[in-house]
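Residue-level structural notes
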Amino acid sequence: MVGGKLYLSLEDIADNEVSLLEQEREMGDNWDSGELCDQLQFKITNPDENITYMNWKNTRDITDRYLTNLSAGGEKTLRVHVRVKTSAGNEIMTDRCTFKTKLTLIQNP
Ligand SMILES: [Ca+2]
């Protein structure tokens, strides 16, 4: 039976300041770039099968992460969990993190 391997990447990650509040400036923040993307982590699970495909990873570390096999006619549920690191401070206030999610399926030979 034909199937494939499913991979996940986050691409075009953009970290922007939306405004620069006094609380951010007090942390040494400026308009150069945002800090939010570096304070986010992601986990991918399959709630139907109680499986963790990818444990907590930093935004910029999610490149071509193998998630699971996918068989022909098969179906998998992907649940995305997102959290802000407890180390995050006021420097992330009003920041915006954007990225594209790329799923790649590579067929098994
Ligand atoms: Ca900021």
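As a reminder, the structure under discussion sits directly above these lines.
This write-up is about the structure you can find in this document. Because the structure is predicted, anything quoted here is derived from the model rather than measured. (Residues numbered from 1 in each chain as written. Predicted model: local features only at pLDDT ≥ 70, side-chain atom pairs only at ≥ 80, totals over all residues.)

All right, on to the sheet that holds strand β3 (residues 51-58) then. Pairing is antiparallel in the open sheet, where three strands are placed in the order β3-β2-β5. Where the open sheet ends on each side, the last strands, each with one partner, are β3 and β5 (79-84). Across the sheet, the mean angle from the axis of one strand to that of its neighbour is 15°, orientation sign disregarded. Here five bridges tie strand β2 (residues 40-46) to β3, and the two strands are oriented antiparallel to one another. Looking at the pairing, Thr-45 lines up with Thr-52 of β3. (Pairing = 2+ DSSP bridges. Helix = DSSP H or I, 4+ residues; strand = E, 2+ residues; numbered from the N terminus. Axes fitted to C-alpha atoms, helices over the stretch in contact; angles between N-to-C directions.)

A separate point is the sheet that holds strand β4 (residues 65-71). Spatially, β4-β1-β6 is the arrangement adopted by the three strands of the open sheet, whose pairing is antiparallel. In this open sheet, the two strands that pair with only one neighbour each are β4 and β6 (95-107). Strand-to-strand twist of the sheet, defined as the mean angle between neighbouring strand axes without regard to direction, takes the value 25°. Relative to β4, strand β1 (residues 3-17) runs antiparallel, the two being bridged by six bridges. Paired with Gly-4 across the strands is Leu-70, a residue of β4.

As a further point, take the environment of Thr-98. One can find Thr-98 in strand β6. Judged by the 12 C-beta atoms lying within 10 Å of it, Thr-98 is exposed. As a C-alpha pair, Thr-98 and Asp-15 span 83 residues in sequence and 6.7 Å in three-dimensional space. (Buried ≥ 20, exposed ≤ 12 C-beta atoms within 10 Å, placed from the backbone.)

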